[in-house]
Amino acid sequence: MRFSRNATGTLFVGGALSLTLVALAYPAMLGFDKVSTAQDRVIAQTQWGPLTEQDRDFVVKVRAAGLWEYPLGNVALQKGTTEEVKEAGRHLLDGHAALDAACRKIAPMLNVTLPNVASPQQVAFVNQIQTANGREFDSTFANILRTTHGSIFNTIAKIRSTTKNSLVRSLADMANNTVLDHITVMEKTGFVNFDQALFQQTTPPKLPTDDLTPPAPQPGEPMVVLSPPANPTSTPIAIPGEQSGGTPNGGASPSPTIG
């Protein structure tokens with residue numbers, strides 16, 4: 001699988017991945033299907049509780065979600081034809097910047113390596129949405145993001161109810177609030193086809209693991225940071241035992257940025 005960027009930094013997928021809108025929106029391709037099948041094998045004992053494979057996978061996938069949804073927030077502000085679509089874009093920017101900061105904060109604490117690029121399937125989502133225009137853009141944007149958020153919502157609940165790691169619980173709490181907000185703003189656009197969204201959430205096909213997995217960063221590669229909007233409203237992650245106003249530990253250089 002090859003990745004390339006155009007002059008504006010837009011990501012494109014090379015290789016054989018060619019998916020229709022219907023296939024793109026299936027939730028099993030989000031990379032979260034691993035959570036339902038991963039063993040609860042403990043891979044590390046930490047001061048915040050045991051860390052399992054699915055805990056680690058969850059942190060990585062929350063980070064990866066921001067790497068494709070955050071750029072689409074900017075696209076929605078540029079191409080959305082209604083104020084509701086633009087508002088949904090603003091919520092993507094705000095919510096995923098906050099989640100990104102949370103992932104970058106807890107990942108070094110848990111010795112989790114974060115990706116700098118979304119999965120090939122998620123990059124294909126971006127390409128599918130941003131090449132549309134007018135009302136087609138509004139509809140494609142709202143339906144893909146409503147379907148994916150609806151699917152992730154169930155995964156967050158499973159992680160929150162089963163993890164024994166307090167940092168992962170805090171991230172799940174934050175992700176739960178953010179994803180519910182994003183579901184709501186997508187529905188408020190008026191473009192969501194609920195029959196299609198529910199069918200795609202409950203009838204997922206399978207894709208190769210390579211299409212679902214964000215590539216690992218290259219050695220020495222600066223960490224991508226999703227910049228918060230000028231007036232963020234999302235609540236920062238609550239770290240167990242940390243006093244208010246504690247200094248975040250991003251664990252990496254704050255550049256390059258997106259936004």
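Above: the structure in question.
Sequence order as written defines the numbering, with residues in each chain counted from 1. Totals for whole chains, interfaces and linings use all residues, but because this is a predicted model, local features are given only for residues with pLDDT of at least 70 and pairs of side-chain atoms are given and counted only at 80 or more. The basis for the side-chain values is all heavy atoms of the structure; hydrogens and waters are excluded.

*Asks:* Would you mind showing me how to read the overall build of the chain here?
*Replies:* Strands here mean DSSP runs of E at least two residues long; helices mean DSSP runs of H or I at least four residues long; both are numbered from the N terminus. Within the chain, the regular secondary structure consists of 9 helices and 6 strands. Exposed residues in this analysis have more than 50% of their type's maximum accessible area, buried residues have under 20%, and partly exposed residues fall in between, with area computed by a 1.4 Å probe over protein chains only. Across the 259 residues that make up the chain, the buried fraction comes to 50%. In this description, contact between two residues means that some pair of their heavy atoms is separated by no more than 4.5 Å. Within the chain, counting contacts between residues at least 6 apart in sequence, those at least 24 apart form 82% of the total. Here the open area of atoms and residues is found with the Shrake-Rupley method and a 1.4 Å probe, where only the protein chains shown may cover a residue. Roughly 11,900 Å² of accessible area belongs to the chain as shown, and the carbon and sulfur atoms make up 52% of that amount.

*Asks:* Looking at this structure, how should I read the packing of aromatic side chains?
*Replies:* The relation between two aromatic rings is expressed through the spacing of the ring centres and the mutual angle of the planes. Here a pair means two rings of Phe, Tyr or Trp (six-membered ring of Trp) with centres within 6.5 Å. Their orientation is stacked below 30 degrees between planes, edge-to-face above 60, and tilted elsewhere. According to the stated counting rule, one finds 2 aromatic pairs in the structure shown. Their ring planes at 40° and their centres at 4.8 Å tell us that tryptophan 68 and phenylalanine 125 sit as a pair that is tilted. Of this pair, tryptophan 68 sits in helix H3 (residues 53-79) while phenylalanine 125 sits in helix H5 (residues 120-130); the two residues are 57 residues apart in sequence, bridging distant segments of the chain. Between phenylalanine 137 and phenylalanine 141 the ring centres are 5.6 Å apart and the planes differ by 20°, which places this aromatic pair in the stacked class. With a gap of 4 residues between them, phenylalanine 137 and phenylalanine 141 both fall in helix H6 (residues 134-162), about one helical turn apart. The residues phenylalanine 137 and phenylalanine 141 share a single accessibility class, namely buried.

*Asks:* Explain the nonpolar core here, please?
*Replies:* General note: in soluble globular proteins, nonpolar side chains tend to be found buried as a group. Residues belong to one nonpolar core when they are buried, are Ala, Val, Leu, Ile, Met, Phe, Trp, Tyr or Cys, and are joined through side-chain atoms within 4.5 Å. In terms of nonpolar packing, the biggest core is built from 30 residues, with Trp68, Leu72, Phe137, Phe141, Leu145 and Met186 touching the most fellow members. For this core, the secondary-structure elements that each account for two or more residues are H3, helix H4 (83-110), H5, H6 and helix H7 (166-188). Residue contributions to this core peak at 7 residues, all from H3. Not counting chain neighbours up to four residues away, the residues in contact with leucine 72 comprise Leu92, Val126, Ile129, Phe141 and Leu145. Counting residues in hydrophobic clusters, the runner-up holds 29 residues, among them Phe58, Ala98, Leu110 and Met223.

*Asks:* Explain the environment of proline 50 here, please?
*Replies:* Mapping proline 50 onto the fold places it in strand S4 (residues 49-52). Taking the C-alpha atoms as reference, proline 50 lies 8.4 Å from threonine 163; in sequence the two are 113 residues apart. Once residues within four sequence positions are removed from consideration, proline 50 is found in contact with Val42, Ala44, Gln45, Asp55, Lys164 and Asn165.

*Asks:* What's the story with empty space enclosed by the protein in this structure? I'm lost.
*Replies:* Empty space left among the atoms is revealed by rolling a probe the size of a water molecule over them. Detection works on a 1 Å grid of protein atoms alone, calling trapped sets that fit a 1.4 Å probe cavities and calling open sets with protein on both sides within 12 Å along at least five of seven lines pockets, with lining residues defined by an atom within 4 Å of a point. Grid points are joined across faces, edges and corners, and a volume is the space filled by probe spheres set on the points. Applying the stated criterion across every chain, the model contains 1 cavity of 30 Å³ or more. Volume-wise, the largest cavity comes out at about 80 Å³. Considering the residues around the largest cavity, the lining is formed by 12 residues, among which Val62, Ala65, Leu99, Ile152 and Val179 are closest to the centre. Counting residues per element, the ones that place at least two in the lining of the largest cavity are H3, H4, H6 and H7. Tallying contributions element by element places H3 first for the lining of the largest cavity, with 4 residues.

*Asks:* Even after reading the chapter, I still don't get unusual backbone geometry, so can you show me in this structure?
*Replies:* Trans is the prevailing form of peptide bonds, just as negative phi is the prevailing case for residues other than glycine. Unusually for a residue other than glycine, asparagine 111 sits at a positive phi of about 60°. With respect to the helices and strands, the residue asparagine 111 is situated in the loop between H4 and H5. Its relative accessible area of 70% is what places asparagine 111 among the exposed residues.

*Asks:* Whenever I open this one, the pattern of salt bridges confuses me. Can you help?
*Replies:* Oppositely charged side chains can pair when the atoms bearing their charge come close. Any carboxyl oxygen of Asp or Glu within 4 Å of a side-chain nitrogen of Lys or Arg constitutes a salt bridge here. One pass over the full model with this rule turns up 9 salt bridges. A salt bridge links glutamate 53 to arginine 41; the shortest N-O distance between them is 2.5 Å. Of the two residues, glutamate 53 sits in helix H3 while arginine 41 sits in the loop between helix H2 (33-37) and strand S3 (42-46), which places them 12 residues apart along the sequence. On the basis of relative accessible area, arginine 41 is assigned to the partly exposed category, the value being 43%. The partner of aspartate 173 in a salt bridge is arginine 160, and the shortest N-O contact between them spans 2.6 Å. Of this pair, aspartate 173 sits in helix H7 while arginine 160 sits in helix H6, and the two are 13 residues apart along the sequence. Given the relative accessible area of 36%, aspartate 173 is considered partly exposed. The class of arginine 160 is partly exposed, set by a relative accessible area of 34%.

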